[in-house]
Amino acid sequence: MKASVDKELCMGDRNCNMLCPEIFKYDEDELMSIVLVEEIPDKYKDLVTQSAEECPGGAISIEGD
Ligand code: SF4
């Protein structure tokens with residue numbers, strides 16, 4: 001599984017950062033959340049999926065499983 005954040009859609013509410021800080025971090029310079037890892041480790045897949053589902057901007061995309 002890979003995840004990405006669309007800068008145009010990120011609203012900066014940091015919900016993903018709070019749900020899964022090991023994967024999502026807010027970039028103060030870019031004013032968007034970024035994904036910290038290339039490949040999502042198994043133990044974080046459920047939280048990353050939840051983050052994408054709950055993202056208010058629909059900014060998080062997931063590829064693979
Ligand atoms: S939950 Fe979505 S809108 Fe909120 S900071 Fe994360 S990527 Fe951006």
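Residues numbered from 1 in each chain as written. Predicted model: local features only at pLDDT ≥ 70, side-chain atom pairs only at ≥ 80, totals over all residues. Heavy atoms only, no water.

The protein goes by Ferredoxin in an unreviewed UniProt entry, where it is assigned to Candidatus Desulfacyla euxinica. Under the heading Function (unreviewed entry), UniProt records this for the protein: "Ferredoxins are iron-sulfur proteins that transfer electrons in a wide variety of metabolic reactions." (UniProt positions renumbered as here; feature names shortened; annotations may be inferred.)

Participant: Explanation requested: the overall build of the protein in the structure shown.
Facilitator: Along the backbone of the protein there are 2 helices and 4 strands. Beginning at the N terminus, the succession of helices and strands in the protein can be written as β-α-β-β-α-β. The C-alpha atoms of the protein give a radius of gyration of 10 Å, which matches the 11 Å a tight globule of 65 residues would have. Along the longest, intermediate and shortest principal axes, the C-alpha atoms of the protein span 30 × 20 × 20 Å. Here the protein, with 65 residues, has 35% of them falling under the buried criterion. Within the protein, contacts between residues at least 6 apart in sequence are counted, and of these 56% link residues at least 24 apart. Accessible area of the protein: about 4100 Å², with a carbon and sulfur share of 47%. (Helix = DSSP H or I, 4+ residues; strand = E, 2+ residues; numbered from the N terminus. Rg over C-alpha atoms; globule rule 2.2 N^0.38 Å. Buried < 20%, exposed > 50% of the residue type's maximum accessible area, 1.4 Å probe, protein only. Contact = heavy atoms within 4.5 Å. Areas by Shrake-Rupley, 256 points an atom, 1.4 Å probe, with all protein chains shown as cover.)

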